Amino acid sequence: MQTSLFVSTRCPECNGSARHLEGAHTFTCSFCASVLRCQTEGRTLKYVISPRLERDEIVVAFNEAFNKALPNSVSTSGSAEVSPCRPGRIKTIYKPFWYCKGMVYSCHSSGTKNGLDARAWSHTFEANSSVASALTTLGLRSEVLEADGFDSEQFGADDIVLPITKSKEEARKEAVAAAEWGVENPGWKYHETTIVGERFVLLYYPVIAVEYSDKEENGTTVALFDGVAGTGLGKEVYNKEESTEVPGNAEQEYRVKFVTHRCANCGHDLKPGDSALFFHCAECSRLWLLDGDDYRQQKITLLAANDGFKGAYIPFWRFELSLSSKAAGLELGRIGDLAEFMRMGRHTLRDEAPERPLRFFVPAMLAPNPGAVIKLAARIGTFQKELPVEPGEVAESDDFLNVSLPVQDAKEMLRPLIFLVIGRIDREAVKFYSDFEITVAKKELVWYPFEEKGAYLLDPFHNYTFPRRSLVEG
Ligand SMILES: [Zn+2]
Ligand SMILES: [Zn+2]
């Protein structure tokens with residue numbers, strides 16, 4: 001379920017009007033090629049979709065919905081017994097939705113077979129359900145939605161901006177339930193769904209409310225229309241106490257600004273990348289963490305590359321951890337423990353020192369192909385190789401991919417990853433999956449060298465090749 005959503009931008013450098021795909025905090029101006037960034041002051045990104053219906057179209061839609069059965073003024077069928085329903089005041093209600101997207105991993109075991117389903121996923125949920133109950137999601141639309149950065153001063157006297165009544169935490173719970181929907185199977189002895197790297201954006205969607213007097217109801221009734229598609233959304237009795245009639249939701253001053261995105265040291269444009277958090281300057285080779293609206297310099301830890309390395313450094317979160325399960329009565333803290341428990345472990349891990357701690361690497365990227373990401377991580381995790389850290393210099397020509405998965409989100413991927421690495425299907429393993437806990441002793445961002453082979457990247461330590469586009473868009 002993917003809804004295309006584009007956001008309009010006024011470029012602060014060239015004043016050109018560009019558009020970029022929703023959710024991207026950093027992007028390139030299509031006119032002057034400046035790299036731009038949404039400035040949110042650390043708050044949730046908010047977009048607003050403007051209504052496409054003109055006043056005349058609303059009146060036509062209203063008459064079609066309410067006066068279809070009535071004779072028109074030049075009717076020959078005799079006198080009209082019912083007076084036509086007249087549209088009153090027209091307002092635009094901006095209904096907020098949480099727009100969530102992320103990578104979904106569903107693991108299951110039937111006792112004879114294990115499965116892992118990985119997919120990119122997005123969904124919208126009402127953030128206020130007091131109005132337009134017929135509109136519960138914005139998913140599955142044929143039209144491309146065009147949005148603008150939210151500006152609390154853009155609204156007029158006939159606009160109503162509904163407040164957020166459902167918190168991000170509630171939306172997150174709903175997101176997990178929605179991602180799990182339809183994947184359950186009674187034959188499964190274990191199953192678990194995880195959303196990794198979920199991003200939440202607020203989307204204000206226009207609902208046109210036409211007031212009219214309905215004889216069946218006391219007070220004012222409003223006929224509601226989808227402000228983009230024009231379809232009717234039924235009628236609702238207008239409760240003045242519940243709706244905020246404050247234009248622009250005055251107590252919540254908010255405006256999305258677009259600013260240039262440059263290295264804080266040398267002023268060179270930083271490479272844009274969807275919802276990236278860490279940026280590497282290709283000019284002076286400094287690494288920046290974007291923290292709210294501040295750029296903080298970070299130290300770079302590299303894994304040793306071969307001499308004459310040509311390729312890309314991919315960021316990984318490296319976790320040193322131990323595992324424990326009460327149900328299976330197991331503690332896995334060392335490579336020797338994993339060798340005993342993992343499928344083919346004694347064979348696969350026979351050359352690794354058994355007393356070394358367990359290490360797992362999670363690509364620090366919200367990638368277009370979540371299945372490829374976890375396979376890559378499982379490949380590295382299964383072999384538990386000692387990958388040497390290199391204190392050496394970073395060459396200025398090196399290609400560094402942006403970090404778009406924060407460490408707490410990468411941690412979420414550990415459960416499906418460990419499920420995949422263990423790979424066993426017997427009863428003891430199912431017990432382990434059902435309750436195992438992860439204790440992280442150390443976590444660090446490291447840059448892993450991948451050699452470039454045309455459109456593919458090669459992991460030089462594991463001799464594993466995969467398409468670059470499964471990790472990076474474009
Ligand atoms: Zn520009
Ligand atoms: Zn720089």
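From a predicted model like this one, the values you see are computed outputs, not experimental measurements.

Chemist: What exactly am I supposed to notice about the pattern of salt bridges here?
Modeler: Oppositely charged side chains can form a pair if their charged atoms are brought close together. Applying the stated criterion to the full structure yields 24 salt bridges. Among the ionic pairs, Glu386 bridges to Arg356, the shortest N-O distance being 3.7 Å. One end of the pair, Glu386, is in the loop between helix H5 (370–383) and strand S21 (389–390); the other, Arg356, is in the loop between helix H4 (345–348) and strand S20 (358–363), with 30 residues separating them in the sequence. Residue Glu386 is classed as partly exposed on the basis of its relative accessible area, which comes to 46%. Taking the relative accessible area as the measure of exposure, Arg356 reaches 15% and is therefore buried. Between Arg468 and Asp399 there is a salt bridge, with the nearest N and O atoms lying 3.3 Å from each other. Here Arg468, found in the segment after strand S25 (464–467), pairs with Asp399, found in strand S22 (residues 399–400); they are 69 residues apart in sequence, far enough to count as distant.

Chemist: Sorry, what's going on with the coordination of the zinc ion (ligand 1) here?
Modeler: As a benchmark, a tetrahedral metal site with four donors has ideal angles of 109.5 degrees, while an octahedral site with six donors has ideal angles of 90 or 180 degrees. For the zinc ion (ligand 1), every protein donor is listed as Cys11 (SG), Cys14 (SG), Cys29 (SG) and Cys32 (SG), and the spread of their distances is 2.3 Å. Each of the four donor atoms bound to the zinc ion (ligand 1) contributes to angles spanning 106 to 114 degrees, and the resulting shape is tetrahedral. Read in sequence order, the donor residues for the zinc ion (ligand 1) give the motif C-x2-C-x14-C-x2-C. Of this pair, Cys14 sits in the loop between strand S1 (5–10) and strand S2 (17–21) while Cys32 sits in the loop between strand S3 (26–28) and strand S4 (35–39), placing them 18 residues apart in sequence.

Chemist: Sorry, what's going on with the nonpolar core here?
Modeler: In a soluble, globular protein the nonpolar side chains are often hidden away together inside. Core analysis: the largest hydrophobic core is formed by 72 residues, its most contacted members being Ile314, Phe316, Met413, Leu417, Ile418, Phe432 and Tyr448. Tallying contributions element by element places strand S18 (residues 311–325) first for this core, with eight residues. The residues contacting Ile314, other than those within four sequence positions of it, are Met365, Leu401, Val446, Trp447, Tyr448, Phe450, Leu457, Phe466 and Leu471. Listed in part, the 51 residues of the second largest apolar core include Leu5, Val7, Ile49 and Tyr254.

Chemist: Got a minute to help me understand the side chain of His108 in this structure?
Modeler: Note that His108 resides in strand S6 (residues 90–109). Apart from residues lying up to four places away in sequence, His108 is in contact with Lys113, Asn114, Gly115, Trp188, Tyr190, His191 and Phe419.

Chemist: Quick question: what am I supposed to make of unusual backbone geometry here?
Modeler: Glycine aside, residues mostly have negative phi, and peptide bonds are mostly found in the trans state. Even without being a glycine, Ala33 presents a positive backbone phi close to 65 degrees. Within the secondary structure, Ala33 sits in the loop between S3 and S4. Judged by relative accessible area, Ala33 falls into the partly exposed class, the value being 46%. Non-glycine residue Ser285 carries a positive phi angle of around 60 degrees.

Chemist: When you look at the sheet that holds S3 in this model, what are you seeing that I'm missing?
Modeler: Within a sheet, adjacent strands bond to each other through the backbone by hydrogen bonds, running parallel or antiparallel. What the three strands build is an open sheet, ordered S3-S4-S13; its pairing is antiparallel. Single-partner strands in this sheet number two, and they are S3 and strand S13 (257–260). If you compare each strand with its neighbour and ignore which way they point, the axes differ by 35 degrees on average. Pairing of S4 with S13 involves four bridges; the strand directions are antiparallel. From the neighbouring strand, Gln39 faces S13, where its bridge partner is Lys257.

Chemist: Looking at this model, I keep getting lost on the packing of aromatic side chains. Mind explaining?
Modeler: What characterises a pair of aromatic rings is the spacing of the ring centres plus the angle enclosed by the ring planes. One pass over the structure, following the stated rule, counts 25 aromatic pairs. Taken together, a centroid distance of 5.5 Å and an interplanar angle of 70 degrees make the contact between Phe62 and Tyr212 edge-to-face. With a gap of 150 residues between them, Phe62 in helix H1 (residues 55–66) and Tyr212 in strand S10 (residues 190–213) connect regions that are remote in the sequence. An aromatic cluster of three or more residues is present, and its members are Phe316, Phe361, Tyr448, Phe450, Phe461, Tyr464 and Phe466.

Chemist: For this particular structure, what's the right way to read the side chain of Thr194?
Modeler: Relative to the assigned elements, Thr194 resides in strand S10. Here Thr194 falls in the buried class, since its relative accessible area comes to 10%. Apart from the residues within four sequence positions on either side, Thr194 is in contact with Met103, Val104, Tyr105, Glu412 and Pro416.

Chemist: Can you help me understand the coordination of the zinc ion (ligand 2) in this one?
Modeler: Each protein donor to the zinc ion (ligand 2) is listed here as Cys263 (SG), Cys266 (SG), Cys281 (SG) and Cys284 (SG); together their distances run 2.3 Å. Bound by four donor atoms, the zinc ion (ligand 2) shows angles of 104 to 118 degrees at the metal and therefore tetrahedral coordination geometry. Of note, the donors binding the zinc ion (ligand 2) are all from one chain and are spaced C-x2-C-x14-C-x2-C. Here the residue Cys263 occupies a position in the loop between S13 and strand S14 (278–280), and Cys281 occupies one in the loop between S14 and strand S15 (287–291), the gap between them amounting to 18 residues. Taken as a pair, Cys263 and Cys281 share a single burial class, namely buried.

Chemist: Just checking my understanding: could you explain the environment of Pro51 for this structure?
Modeler: For Pro51, the location among the structural elements is in the loop between strand S5 (46–49) and H1. Considering only alpha carbons, one finds Pro51 and Thr28, 23 residues apart in sequence, at a separation of 27 Å. With near-sequence residues (within four places) excluded, Pro51 lies in contact with Thr92, Tyr94, Pro206, Ile208 and Gly227.

What counts, and at which threshold
Residues numbered from 1 in each chain as written. Chains lettered and ligands numbered in written order. Predicted model: local features only at pLDDT ≥ 70, side-chain atom pairs only at ≥ 80, totals over all residues. Heavy atoms only, no water. Salt bridge = Lys/Arg side-chain N within 4 Å of Asp/Glu carboxyl O. Helix = DSSP H or I, 4+ residues; strand = E, 2+ residues; numbered from the N terminus. Buried < 20%, exposed > 50% of the residue type's maximum accessible area, 1.4 Å probe, protein only. Donors = N, O, S within 2.8 Å, 3.2 Å for Na, K, Ca; no water. Tetrahedral: all angles 85-135°; square planar, octahedral: opposite > 155°, others 65-115°. Core = buried A, V, L, I, M, F, W, Y, C linked by side-chain atoms within 4.5 Å. Contact = heavy atoms within 4.5 Å. Pairing = 2+ DSSP bridges. Axes fitted to C-alpha atoms, helices over the stretch in contact; angles between N-to-C directions. Phe/Tyr/Trp six-rings, centres within 6.5 Å; stacked < 30°, edge-to-face > 60°.

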